[in-house]
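Now for the letters of each chain:
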There are 2 protein chains.
Amino acid sequence: MYEIKDTLIPIPDDSDFTLHNIPFGVMRRDHSQPVVATRIGNTAIDLHALAMNHLLDDTGTSPGVFRQPVLNPFIALGQPVWRAVRQRLIYLFSDPDSPLVSNHHLFSQIATPIHGVEMLMPLHVGDYTDFYSSLEHATNVGIMFRDASNPLLPNWKHIPVGYHGRSSSIVVSGTPVHRPNGQTNPDNSPSPVFGPSRQVDFELEMAFVTGISTRLGDSISTDDAEKAIFGMVLFNDLSARDIQKWEYVPLGPFLGKNFGSIVSPWVVTLDALEPFRVQGPPQDPSPLPYLQFTGKKSFDIHLEVAIKTPQGTETAVCRSNFRHLYWNMAQQLAHHTVNGCNINVGDLYGSGTISGHEAGSFGSMLELAWKETRPITLADGTSRTFLNDHDTVIIRGFAKTNGIRVGFGEAVTTILPAKPIAL
Amino acid sequence: MYEIKDTLIPIPDDSDFTLHNIPFGVMRRDHSQPVVATRIGNTAIDLHALAMNHLLDDTGTSPGVFRQPVLNPFIALGQPVWRAVRQRLIYLFSDPDSPLVSNHHLFSQIATPIHGVEMLMPLHVGDYTDFYSSLEHATNVGIMFRDASNPLLPNWKHIPVGYHGRSSSIVVSGTPVHRPNGQTNPDNSPSPVFGPSRQVDFELEMAFVTGISTRLGDSISTDDAEKAIFGMVLFNDLSARDIQKWEYVPLGPFLGKNFGSIVSPWVVTLDALEPFRVQGPPQDPSPLPYLQFTGKKSFDIHLEVAIKTPQGTETAVCRSNFRHLYWNMAQQLAHHTVNGCNINVGDLYGSGTISGHEAGSFGSMLELAWKETRPITLADGTSRTFLNDHDTVIIRGFAKTNGIRVGFGEAVTTILPAKPIAL
C-alpha cells in the first residue's frame, strides 16, 4: 500500500474525506455529463478528467468507464482495479513527485469545490435486500409488539433475517420524500382508514454494495464474502409504521417501506475501512457451519442521527455504532447466496436498524420515543414521537483510530407533506 | 383495429399464437445478436429484420429498438407504438396486399421455425413484486397453517397484499433450477438443520409487466392502471416450503423464494386479451375508494400445471383460471403506487398462486397434496407431495372465445439436484 505523506489539497480537521478514504461517487458539474468522482477534504475530483490526462493509465481502466451515470461499470472491473485506482489517487494527491504538483492548469481541470457539484445516485441497484441484524433493535421491536418476556422470534439467532426491498425508490442524499398515503387500521377496527401516514420514521442503517456478479445456483462462503463487497454507504430506510403494521402479515413490509430510502453519495471501500476492523458481538448459540467465520468481520463506525426542524435548529437524537450488529456482512452474504440466489454488481444490502444498548443509541423514532410513550424534545423546544412534515433527517458516520479518520459524510432527506393521490 | 382475414403462415388448430395474439419476445438465431420477435403459429418473426426492410416504418420505431437483448427499449416507446406495431404485424401476415405475399426471399429473412430459435429472458426486470391475490389460495394456506375456522388475516379483504421479490433470479422458460440448500426446522426443535430443501413446490401464477415509468411520489388510479400495463406472462414462483416456513417471520419470504422463478418467453399484450375480459369475483366488503374500479377488470384465462417425470410421462395436476383472482391488476397497481412508490418499464408483478375452488384447481403442491397428507399420483404410477429432482413443471395458459384463441405457450423448468455449497 502506498504510504500517505502529505496532501496537495487542504483537508479540514475532522474531515471524513482524508487521503485514507478515497471513496467513489458520481457527480455532475454545470449540467454536464455525469462522471465518476472521489472527494478529498471539500474538493471533488473528476476521475474522467484524470483518466483523459493519462493519470489513471495502467490501472486497468479506460476513460469511458468514468464517464457514466453510475459506478457499476467501474465496479464491474473487479477488486484489483478498484484497488489500483484508489492507490493511484492516494499517490497523485500526496506524493511530492506527483504530476499534479505545481500544474495549476491540470489541477483546475480535475478539482472542483464540493459545493459546486451535484452528487447523483451512485449506483444502479438491481436488487436491494434489507437485513434485520441488530439484536437490540429486534429485541426492542419484540418487546413493544410481541412479548416483553420473550421478544426474539425462534429463528432470529440462527438466521440473519432479511427480506427483499424496493430498488426503484432508493434515492441519493438530498432528495426530499413525500409523506406516504396509505391504509392503516389504528384501532384494529373492522374497517381500515385511508390517509397520510401519521407515523413516518427513519431507520439508521448502513448498506453494503456487491462488486461481483454470480450465476444462479452459486453460493459464496463467509471466507469469500468480503472479496465480493465493493464498499459501504449510510442508509436511511424510511418507514411508515402505521402502514407497515396493518400490511405486514404474513408476507412482510411493502408500502410502509418503499416510498423512499436514502443513501449517502460516496461509497467507501472496504479497503478504506480496514484499519477499523473489530470483533462483533459473541454469537450464542453458535450458528450453523455455513455461517461460521474467522477473523474480525465487524467495523467500528460511529453513527449519528440528527433531526433539523424547519426553524433550522438541529438535534442529535441517536448515537450508535455499526459494531453493535449481531450478524456481520460476510454472514449476511453467505446466507443470502446459500440457496443459489444470484447477485449482481451494484446490488445493495441494508444492515437493518442499528440500535445500541442504551435508549440514546436506538436507531429509530419508534424505539427512541418507545412507541409514542416517551416524546423526544428537540433543541427548538418542540417534541416528536415520529417525524413531522418539513423535518430533515441527517445520518452521519465515521471511523477513527490512531489519528486516521475515514467517514461517510451524510445521508439527508426532508419529509414533504403528502401529495394528493391520482383518482 | 385491422380486421384479420387470412394468414400467410400456417397456424395449427389450438395454437396459442394466432393472428389475434402477436406477442413480443426476444430470440436469438445461431448465436447471433438477440432481436425482438413475435410468434405466429410455429414460426418466429424477426422484428429487426422487418424493420430493416422498412416494413415497420411509421410505427414510431427505429430498427435499433428491435436489436436489443430485452424488450424494455421497445416497451418504453409507449402504448401507441406497441399498438401500431401489433396492428402492422397483423396486416403484414394477413392482408392479400401485404408486401410479404409472394416475396420468398424477404420471407426467409424474417421467418424461422420456432424450434430453430433460442428464446431469451424477454425483460430487464428492475423490480419484481409478488401479490397474494387468490382468496382460495390464501384461505387454503390459512386453514393449513393458522386457524381453519378463521383462515384469512384481517387485512386480506382490504389490501391486495404484496411483497417485494428477487429480480435477479427470474429466468426464462427452459432454464433448469437447482434444488436450494438452506436452513429448516422441521421439528420446531431448538436447533435448525441445514441441507437441501425437502419441500420444493411450484406456484401457478401469472404476472404483468408495466410499460411506463413514474416518478417517486406519483400514484396511479385504478382507471389509469391498465394503460400502464404492457402485457402478461405465465409465472412459476418456485418455493421451498420448509425454508420459507422457518425464515418468513416477521419480514416475509426470502431464500424460500429467490432461488429461481420462471417466466414464459412471450409477453402477451393487454390488447390481445381484450376479447376475454370478464368480471372478477364480487368484493365484500367494498374496498376503500382508491381500490374501487369500473368495468370488467379480469380475464378468462385457462391455466394448467403438468408434471413431467424423468420417464417422460406427463400428468396434469392442476387446472385453474386467472379469473378466480379476487384482486385485479388495476387494483394491485393502484395499491402499489398509492404511497408514491415509483415504477419502471419492465417491472414484473406476480399475481400470487392462482387456486380455484376445487381440489384439482389448487395452484401449488402444498395445496394439491394438502400439506403432504394427500399424495398426488402421477401417470407413471409414482406419487408426489412436493417436487422430486428431475421433475419438470410445465405451466400453460390460453384464452378462447367465439373461435378466437390467444395463448401464452409454456413456462417450463426442471428441478436439478442441490449443488454443494461454497465453503
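Residue indices follow the written sequence of each chain, beginning from 1 at its first position. By the order in which they are written, chains take letters starting at A while ligands take numbers starting at 1. With the structure being a predicted model, the display of local features is reserved for residues of pLDDT at least 70 and the display and counting of side-chain atom pairs for 80 or more, all residues being used for whole-chain, interface and lining totals. Hydrogens and water molecules were not included; the side-chain quantities draw on all heavy atoms of the structure.

This brings us to the relation of the copies chain B and chain A. Applying a rotation about an axis and a shift along it to one chain copy brings it onto the other copy. Between the two copies, chain B and chain A, the superposition gives an RMSD of 0.0 Å; the rotation angle is 180° and the shift along the axis is 0.0 Å. Taken together, the rotation angle and the small translation identify this as a two-fold axis. Taking C-alpha positions as reference, the residue of chain B nearest the rotation axis is B:G252, located at 2.1 Å. In what follows, residue pairs with any heavy atoms lying within 4.5 Å of each other are defined as contacts. Mapped onto chain A, 100% of the interface residues of chain B are again interface residues, and the two copies thus contact each other with one and the same surface. Least-squares fitting of one copy onto the other uses the C-alpha atoms of those residues that reach a pLDDT of at least 70 in both copies.

In this section: the side chain of B:N339. Considering the arrangement of structural elements, one finds B:N339 in the loop between α9 (329–337) and β22 (348–350). On the accessibility criterion, B:N339 (5% relative accessible area) is buried. Counting of polar contacts relies on pairs of N or O atoms within 3.5 Å, with two restrictions inside protein: one atom must be capable of donating a hydrogen and the other of accepting it, and residues adjacent in sequence are counted only when both atoms are side-chain atoms. A polar atom in the side chain of B:N339 sits 2.9 Å from the backbone nitrogen of B:C341. If sequence neighbours within four positions are ignored, B:N339 has contacts with A:P180, A:N181, A:L255, A:N258 and A:F259. Helix and strand labels come from DSSP, where a helix needs a run of H or I of at least four residues and a strand needs a run of E of at least two; each type is numbered from the N terminus. Relative accessible area decides the class of each residue, using a 1.4 Å probe on protein chains only: under 20% of the type maximum gives buried, over 50% gives exposed, and in between gives partly exposed.

Residue and element names in this part refer to chain A. As summarised here, the arrangement of the 5 strands in space is β9-β26-β25-β20-β21, forming an open sheet in which the pairing is mixed. Two strands bound the open sheet, and with one partner strand each, they are β9 (177–178) and β21 (314–321). Here, a strand pair is defined by DSSP locating no fewer than two bridges between the strands. Here strand β20 (residues 302–308) pairs with strand β25 (residues 392–401) via 7 bridges, running antiparallel. Its bridge partner being in β25, I307 is matched across the sheet by V393.

Once that is clear, we can look at the domain arrangement of chain A. Quite often, the size of an interface is put as the accessible area lost when its parts meet. Residues and elements named next belong to chain A. Note that domain bounds follow an automatic or database assignment of domains. When cut into domains, chain A gives domain 1 (25–119) and domain 2 (128–416). One C-alpha centre belongs to domain 1, the other to domain 2; they are set 30 Å apart. Taken residue by residue, the interface counts 15 residues in domain 1 and 15 residues in domain 2. Note on definitions: buried area is the accessible-area loss of two parts on being combined, 1.4 Å probe, summed for both. Summed over both sides, the interface of domain 1 with domain 2 buries roughly 1300 Å², with 68% coming from carbon and sulfur. Within this document, salt bridges are pairs made up of a side-chain nitrogen of Lys or Arg and a carboxyl oxygen of Asp or Glu, the two lying within 4 Å of each other. There are 1 salt bridge connecting domain 1 and domain 2. As a salt-bridge pair, R83 and D271 come within 2.8 Å of each other at their nearest N and O atoms. In this assembly, domain 1 and domain 2 are joined by 2 residue pairs in polar contact (both at pLDDT 80 or more).

With that settled, consider the sheet that holds strand β1 (residues 25–28) of chain B. Where strands meet in a sheet, backbone hydrogen bonds hold them as pairs that are either parallel or antiparallel. Residues and elements named next belong to chain B. Spatial strand order, β4-β3-β2-β1-β5: 5 strands in an open sheet with antiparallel pairing. This sheet does not close on itself; its edge strands, each paired only once, are β4 (111–113) and β5 (118–120). Adjacent strand axes in the sheet meet at a mean angle of 45° when their direction is disregarded. Pairing of strand β3 (residues 43–46) with β4, which is carried by 3 bridges, proceeds in the antiparallel orientation. By the bridge assignment, T43 is partnered in β4 with P113. The axes are straight lines fitted to the C-alpha atoms, using for helices just the contacting stretch, and the angles between their N-to-C directions are given from 0 to 180°.

Okay, the pairing of strand β26 (residues 404–416) of chain A next. Residue and element names in this part refer to chain A. The pairing of β9 with β26 spans 2 bridges and is parallel. Opposite H178, over in β26, you have L416 as the bridge partner. Of the strand pairs in this sheet, β25 and β26 are connected by 10 bridges, and their pairing is antiparallel. By the bridge assignment, I395 is partnered in β26 with A411. In sequence, β25 turns back onto β26 through a hairpin of 2 residues, with N402 there showing a positive phi of about 50°.

Only Phe, Tyr and Trp rings take part, Trp by its six-membered ring, and two of them pair if their centres are within 6.5 Å. Stacked means planes under 30 degrees apart, edge-to-face means over 60, and tilted covers everything else. Following the criterion strictly, the structure yields 26 aromatic pairs over all chains and no others. Ring geometry for A:Y290 against B:F194: centres 4.8 Å apart, planes inclined by 35°, an arrangement best described as tilted. Of this pair, A:Y290 sits in the loop between β18 (277–278) and β19 (298–299) while B:F194 sits in strand β11 (residues 193–196), each in a different chain. Ring pairing ties together the aromatic residues A:F24, A:F66, A:F74, A:W82 and A:F230, which thus form one cluster. Here the basic side chain of A:R405 rests over the ring of A:F398, its NZ or CZ set 3.8 Å away from the ring centre. A positively charged side chain is recorded as over a ring if its NZ (Lys) or CZ (Arg) lies within 6 Å of the ring centre. The angle to the ring normal must also be within 35 degrees.

Turning next to the interface of chain B and chain A. On the side of chain A, 66 residues touch chain B, which itself brings 66 residues to the contact. Of the roughly 5900 Å² buried where chain B meets chain A, counting both sides, 62% is carbon and sulfur surface. One can count 6 salt bridges joining chain B with chain A. Where A:R166 meets B:D347, a salt bridge forms, and the shortest distance between an N and an O atom there is 2.9 Å. There are 35 residue pairs in polar contact (both at pLDDT 80 or more) connecting chain B and chain A. Top contributing element to the side of chain B that touches chain A by residue count: strand β7 (residues 162–165) of chain B, with 4 residues.

Moving on, we get to the pattern of salt bridges. Using the criterion set out here, one finds 48 salt bridges over all chains in the structure. Between A:R241 and A:D201 there is a salt bridge whose closest N-O contact spans 2.9 Å. Placement of A:R241 in helix α7 (residues 241–247) and of A:D201 in strand β12 (residues 200–201) is noted, with a sequence separation of 40 residues between them. The salt bridge partner of B:D218 is A:K419, with a shortest N-O separation of 3.0 Å. Taken together, the residues B:D218 in the loop between β13 (204–210) and α6 (222–225) and A:K419 in the segment after β26 connect one chain to another. One salt-bridge network, held together by shared partners, links A:D201, A:E203, A:D237, A:R241 and A:K257.

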